[in-house]
Protein chains: 2
Amino acid sequence: MDQHIKPVALEKAYRLLNHGPTVLVSASHDGVDNVMSAAWSCALDFSPPKVTLVLDKATATRPLVERSGYFALQVPNLSQLQLTYDVGHTSANDTPDKLGKAGVQLFRVEGHDVPLVAGSSAWLICKVLPEPRNEQVYDLFIGEVVAAYADDRVFSDGHWHFETADPSLRSLHYIAGGTFYAIGDAVVAKT
Amino acid sequence: MDQHIKPVALEKAYRLLNHGPTVLVSASHDGVDNVMSAAWSCALDFSPPKVTLVLDKATATRPLVERSGYFALQVPNLSQLQLTYDVGHTSANDTPDKLGKAGVQLFRVEGHDVPLVAGSSAWLICKVLPEPRNEQVYDLFIGEVVAAYADDRVFSDGHWHFETADPSLRSLHYIAGGTFYAIGDAVVAKT
């Protein structure tokens, strides 16, 4: 595992998603790995940390999540701009070598079978909390975060450091048609 | 209504939230208006557009949403940094003049009773789709967007223009402890 990947305390895991980044969703079942991007994922609770994730029924990733009961969210960065777009706009249902074509390299951490995307800024391994009505009616999945990691060059001591880290580590925020915004400058309110 | 506030086509409304901004949540019931900030709100569907919103049981806004069946989300901007922090860190339960102290000015649009926060960059008026289990177990509300508006100096023709608009109109993305990030530069993937 890359020397910069460090565990994040579970009670601080919500901060990895709090600023609304577009995420990469990964999952695995029966030897098949897949990754897709998703703009519609959000923190849901602090402790134990939970997240929401919208997974369309047409995606190839959804059945892997349903069958394994796990998914991972990763916070991609500017160096993964094209990868993030590509895994969101091709499906393994049509392009069997989707991950290879997009340049996705996977790794795993001990104790978890869900594949993680190398080069991301943060990773949250999530266990599905089954809510059949949400999943069927709204394509909405709820997961409990069971492990979290971040690249300590951009997230450490429970805080993002986008303003001092290399710009290539900034998070991506998708709009439409290939256009994303990178996260910008820190601004601080009087507390 | 401010001359810059223009309707947004409902099928493009998801784009107002797609980049994960912190939002202001407003609601009204029986003559009582309130506004709070929330980092945990997310698009849920394109058409009809739907959103998710986490509303803690301790908030004064939640009963207004439950009783009226409506809420509005607004996308605040850098000029509202302190206001956004303040309405997220005081409760009308403790500070009856919370809105006055935070400098919140409300307005309404014809046909809707939900109050809107002046000076924001975008507004989504939402009708609650009741899901009692989500609301009770997860504090998770689902709303259908029934009207949407944006300031045409920063969102027009279905697209944000953060990169060319005045920097004071950039969206805010909250982390913790008074620290937000403003949205940054546009970056475009090959489509």
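Quantities reported herein were computed from a predicted structural model and do not represent experimental measurements.

Engineer: I'm lost on the interface of chain B and chain A in this one. Help?
Structural biologist: You'll often see interface size given as the accessible area lost when the parts meet. Opposite the 52 residues of chain B that make contact, chain A presents 52 residues. Across the chain B to chain A interface the summed buried area is about 4400 Å²; carbon plus sulfur atoms make up 62%. Glu131(A) is the partner of Arg133(B) in a salt bridge, and the nearest nitrogen-oxygen pair spans 2.6 Å. Run the count over chain B and chain A and you get 27 residue pairs in polar contact (both at pLDDT 80 or more).

Engineer: Explanation requested: the UniProt feature "domain: Flavin reductase like" (unreviewed entry) in chain A in the structure shown.
Structural biologist: As annotated by UniProt and renumbered to match this structure, "domain: Flavin reductase like" (unreviewed entry) occupies residues 15-162 of chain A. The span residues 15-162 of chain A is 20% helix and 40% strand, and its two end C-alpha atoms sit 13 Å from each other.

Engineer: Would you mind going over the pairing of strand E9 (residues 122-128) of chain A with me for this structure?
Structural biologist: It is a general feature of regular strands that their side chains alternate between the two faces of the sheet. Residue and element names in this part refer to chain A. Among the 7 residues in E9, 6 count as buried, and that is most of the element. Here strand E6 (residues 70-75) pairs with E9 via 6 bridges, running antiparallel. Looking across to E9, one finds that phenylalanine 71 is bridged to cysteine 126.

Engineer: Whenever I open this one, the pairing of strand E6 (residues 70-75) of chain B confuses me. Can you help?
Structural biologist: Residue and element names in this part refer to chain B. Most of E6 sits out of view: 5 of its 6 residues are buried. Both strand E2 (residues 23-29) and E6 contribute to a ladder of 3 bridges, which runs antiparallel. Its bridge partner lying in E6, serine 26 is registered against alanine 72.

Engineer: Help me understand the packing of aromatic side chains in this model?
Structural biologist: Both the distance between ring centres and the angle between the ring planes are used here to describe each pair of aromatic rings. Residue and element names in this part refer to chain A. Under the definition given, this model contains 16 aromatic pairs over all chains. When the centroid spacing of 4.7 Å and the interplanar angle of 85° are considered together, the rings of tyrosine 14 and phenylalanine 46 count as edge-to-face. With tyrosine 14 in the loop between strand E1 (5-7) and strand E2 (23-29) and phenylalanine 46 in strand E4 (residues 41-46), this pair connects stretches of sequence that are 32 residues apart. Overall, phenylalanine 46 belongs to the partly exposed group, its relative accessible area being 43%.

Engineer: Just to check I follow, could you spell out the relation of the copies chain B and chain A for this structure?
Structural biologist: For the pair of chain copies, the relating operation is a rotation around an axis with a shift along it. Each copy superposes on the other: chain B lies on chain A with an RMSD of 0.0 Å after a rotation of 180° and an axial shift of 0.0 Å. On this basis, the relationship between the two copies can be described by a two-fold rotation axis. Comparing interface residues between copies, 100% of those in chain B also lie at the interface in chain A; the contact surface is shared.

Engineer: How should the nonpolar core be read in this particular structure?
Structural biologist: As a rule of thumb, soluble globular proteins bury nonpolar side chains together. Trp160(A) and Trp160(B) are the most contacted members of the largest nonpolar core, which has 92 residues in total. Residues in contact with Trp160(B), not counting those within four places in the same chain, are Ile175(A), Tyr181(A), Arg15(B), Leu16(B), His19(B), Val75(B), Ser121(B), Ala122(B), Val154(B) and Phe155(B).

Engineer: Hey, could you run me through the side chain of Ser26(A) in this one?
Structural biologist: Residue and element names in this part refer to chain A. Looking at the secondary structure, you find serine 26 in strand E2. Take serine 26: its relative accessible area is 0%, and that puts it in the buried class. Within polar-contact distance, the side chain of serine 26 engages the backbone oxygen of proline 115 at 2.6 Å.

Engineer: Looking at this model, I keep getting lost on the side chain of Arg62(B). Mind explaining?
Structural biologist: All names here are of chain B. Here arginine 62 is to be found in helix H1 (residues 61-68). In this structure arginine 62 comes out as buried when scored by relative accessible area, which is 3%. There is a polar contact of 2.9 Å between the side chain of arginine 62 and the backbone oxygen of leucine 55. At 2.7 Å, the side chain of arginine 62 forms a polar contact with the side chain of aspartate 139.

Engineer: Even after reading the chapter, I still don't get unusual backbone geometry, so can you show me in this structure?
Structural biologist: Trans peptide bonds make up most of the peptide bonds, and negative phi angles are found at most residues other than glycine. Residue and element names in this part refer to chain A. Of note, the bond from serine 47 into proline 48 is cis; its omega dihedral lies within 30 degrees of zero at -5°. For proline 48, the position within the fold is in the loop between E4 and strand E5 (49-54). The backbone phi angle of aspartate 157 is positive, close to 50°, even though this residue is not glycine. Position of aspartate 157 relative to the elements: it lies in the loop between strand E11 (155-156) and strand E12 (159-160).

Engineer: Would you mind showing me how to read helix H2 (residues 81-89) of chain B here?
Structural biologist: Note that an α-helix has 3.6 residues per turn; residues three or four places apart therefore point the same way. Among all positions of H2(B), only Leu81(B), Leu83(B), Thr84(B), Tyr85(B) and Val87(B) are buried. Those residues of H2(B) that are buried lie in contact with strand E14 (179-188) of chain A together with E2, strand E3 (32-38), helix H3 (98-102), strand E13 (172-176) and strand E14 (179-188) of chain B.

Engineer: Just checking my understanding: could you explain the environment of Ser68(B) for this structure?
Structural biologist: Residue and element names in this part refer to chain B. Examined against the element boundaries, serine 68 turns out to sit in helix H1. On a C-alpha basis, the gap between serine 68 and lysine 127 in space is 9.1 Å, while along the polypeptide they are 59 residues apart. Those residues in contact with serine 68 that lie beyond four places of it in its chain are Ser28 and His29. Looking at serine 68, its side chain comes within polar contact range of the main-chain nitrogen of tyrosine 70, at 3.2 Å.

Engineer: Sorry, what's going on with the pattern of salt bridges here?
Structural biologist: Where side chains of opposite charge bring their charged atoms close, a pairing between them can arise. Residue and element names in this part refer to chain A. All chains considered together, the criterion is met by 18 salt bridges over all chains. A salt bridge links lysine 6 to aspartate 152; the nearest nitrogen and oxygen atoms lie 2.6 Å apart. Of this pair, lysine 6 sits in strand E1 while aspartate 152 sits in the loop between strand E10 (140-151) and E11, placing them 146 residues apart in sequence. A relative accessible area of 26% places aspartate 152 in the partly exposed class. Of the charged contacts in the structure, one is a salt bridge between glutamate 66 and arginine 62, with a shortest N-O distance of 3.0 Å. With a gap of 4 residues between them, glutamate 66 and arginine 62 both fall in helix H1 (residues 61-68), about one helical turn apart. Several salt bridges share partner residues, and in doing so they unite Lys57, Arg62, Glu66 and Asp139 into one network.

Conventions and cut-offs
Residues numbered from 1 in each chain as written. Chains lettered and ligands numbered in written order. Predicted model: local features only at pLDDT ≥ 70, side-chain atom pairs only at ≥ 80, totals over all residues. Heavy atoms only, no water. Contact = heavy atoms within 4.5 Å. Buried area = accessible area lost by both parts, 1.4 Å probe. Salt bridge = Lys/Arg side-chain N within 4 Å of Asp/Glu carboxyl O. Polar contact = N/O pair within 3.5 Å; in protein donor to acceptor, adjacent residues only side chain to side chain. UniProt positions renumbered as here; feature names shortened; annotations may be inferred. Helix = DSSP H or I, 4+ residues; strand = E, 2+ residues; numbered from the N terminus. Buried < 20%, exposed > 50% of the residue type's maximum accessible area, 1.4 Å probe, protein only. Pairing = 2+ DSSP bridges. Phe/Tyr/Trp six-rings, centres within 6.5 Å; stacked < 30°, edge-to-face > 60°. Least-squares fit on C-alpha atoms with pLDDT ≥ 70 in both. Core = buried A, V, L, I, M, F, W, Y, C linked by side-chain atoms within 4.5 Å.

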